[in-house]
Amino acid sequence: MSTLSTAYATDRLAKESPAWSLLRGRNAGAAVALLGTHLSGEERRRPAPELFEFDRRRFAGAA
């Protein structure tokens, strides 16, 4: 794939992907930290409710 094709594909992905919109958001740092903490080990997939539970417990302890 040419550099130009890669640039166009990446630009399209940035506009269409929910993951990229999450990274553009105000809470990008928190999102990256949360995902990095819980998805960086050997188990790289987790059900969404499990991630929500991690997040809820983390912020409940910080209050």
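Residues numbered from 1 in each chain as written. Predicted model: local features only at pLDDT ≥ 70, side-chain atom pairs only at ≥ 80, totals over all residues. Heavy atoms only, no water.

**Digging into the overall build of the protein**
Within the protein one finds four helices and zero strands. When its helices and strands are written in sequence order, the protein yields α-α-α-α. With 63 residues in all, the protein has 13% of them scored as buried. Of the accessible surface of the protein, which amounts to about 5,300 Å², a share of 60% is contributed by carbon and sulfur atoms. (Helix = DSSP H or I, 4+ residues; strand = E, 2+ residues; numbered from the N terminus. Buried < 20%, exposed > 50% of the residue type's maximum accessible area, 1.4 Å probe, protein only. Areas by Shrake-Rupley, 256 points an atom, 1.4 Å probe, with all protein chains shown as cover.)

**Quick notes on the pattern of salt bridges**
Per the counting criterion, the structure on display carries one salt bridge. Linking lysine 15 and aspartate 11 is a salt bridge whose minimum nitrogen-to-oxygen distance equals 3.1 Å. Linking lysine 15 with aspartate 11, this pair stays in helix 1 (residues 3–16), spanning four residues, or about one helical turn. Judged by its relative accessible area of 63%, lysine 15 is exposed. Overall, aspartate 11 belongs to the partly exposed group, its relative accessible area being 38%. (Salt bridge = Lys/Arg side-chain N within 4 Å of Asp/Glu carboxyl O.)

**Brief notes about the environment of alanine 14**
Examined against the element boundaries, alanine 14 turns out to sit in helix 1. Separated by 10 residues in the primary sequence, alanine 14 and arginine 24 place their C-alpha atoms 9.4 Å from one another. With near-sequence residues (within four places) excluded, alanine 14 lies in contact with Trp20 and Arg24. (Contact = heavy atoms within 4.5 Å.)

**Overview of the environment of alanine 28**
Examined against the element boundaries, alanine 28 turns out to sit in helix 3 (residues 28–39). Of the residues examined, alanine 28 reaches a relative accessible area of 15% and is grouped as buried. Look past the residues within four positions of alanine 28 in its chain and what remains in contact with it is Leu22 and Leu23.

**Considerations on helix 3**
Spanning 12 residues, helix 3 covers 16 Å between terminal C-alpha atoms, matching the ideal 16 Å at 1.5 Å per step. For helix 3, every residue scored as buried is listed here: Ala28, Ala31, Leu34 and His38. Within helix 3, the buried residues cover an arc of 135 degrees as seen down the axis, which keeps them to one side. Exposed side chains of helix 3 directed beyond 90 degrees from the buried face belong to Gly29 and Thr37. (Expected span 1.5 Å × (residues − 1). Arc of directions from axis to C-beta.)

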